[in-house]
Amino acid sequence: MIGIPETGTLQHGCISANVTSGYQLTTADGRPARLAIIDEQGNVVEAGDAVAREAWNVCIAVIKNFKIGMGHIVVHSAPPGMATSQPAPAKAVRRARA
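Now for a description of the structure that goes with this document.

Cut-off values and rules
Residues numbered from 1 in each chain as written. Predicted model: local features only at pLDDT ≥ 70, side-chain atom pairs only at ≥ 80, totals over all residues. Heavy atoms only, no water. Pairing = 2+ DSSP bridges. Helix = DSSP H or I, 4+ residues; strand = E, 2+ residues; numbered from the N terminus. Salt bridge = Lys/Arg side-chain N within 4 Å of Asp/Glu carboxyl O. Buried < 20%, exposed > 50% of the residue type's maximum accessible area, 1.4 Å probe, protein only. Contact = heavy atoms within 4.5 Å. Phe/Tyr/Trp six-rings, centres within 6.5 Å; stacked < 30°, edge-to-face > 60°.

### Regarding the pairing of strand E2 (residues 22–27)
Both strand E1 (residues 13–18) and E2 contribute to a ladder of 6 bridges, which runs antiparallel. When the bridges of E2 are listed, Ile15 appears paired with Leu25.

### Some details on the pattern of salt bridges
A complete count under the given rule lists 1 salt bridge for this structure. Between Asp29 and Arg31 there is a salt bridge whose closest N-O contact spans 3.1 Å. The pair Asp29 / Arg31 is uniform in exposure class, with both members exposed.

### A word on the environment of Val51
When you line up the elements, Val51 lands in helix H1 (residues 49–67). Among the residues examined, Val51 registers a relative accessible area of 8% and is labelled buried. With 15 residues separating them along the chain, Val51 and Ala36 place their C-alpha atoms 6.4 Å apart. Look past the residues within four positions of Val51 in its chain and what remains in contact with it is Leu35, Ala36, Ile37 and Glu46.

### Some thoughts on the packing of aromatic side chains
On inspection of all chains with the given rule, the structure shows 1 aromatic pair. Both rings, one in Tyr23 and one in Trp56, keep their centres 5.1 Å apart while their planes meet at 85°; by these two values the pair is edge-to-face. With Tyr23 in strand E2 and Trp56 in helix H1, this residue pair connects regions lying 33 residues apart in the sequence. Under the relative-accessibility criterion, Tyr23 is labelled partly exposed at 24%.

Below, the structure is given as structure tokens:
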């Protein structure tokens, strides 16, 4: 995606972030809030600062992996569209954990 994605779309909460402190979470009326992982049955599996820190670290890892060329879905051995005399061997692609 090129450009800045749309934010501020939640009805009951607000998520903001900066590079020095990570995520800041509040309710729509400004009260402190926290992130949680909720399973399919609605049970809170984990919640709190550790979840926010892990989510932040995953986002940073995705960006870093992309910038160093480790987050691409497709790897080309030559510019796309150029014919090669023989097929290149398949290469494993390391993907960022999400």
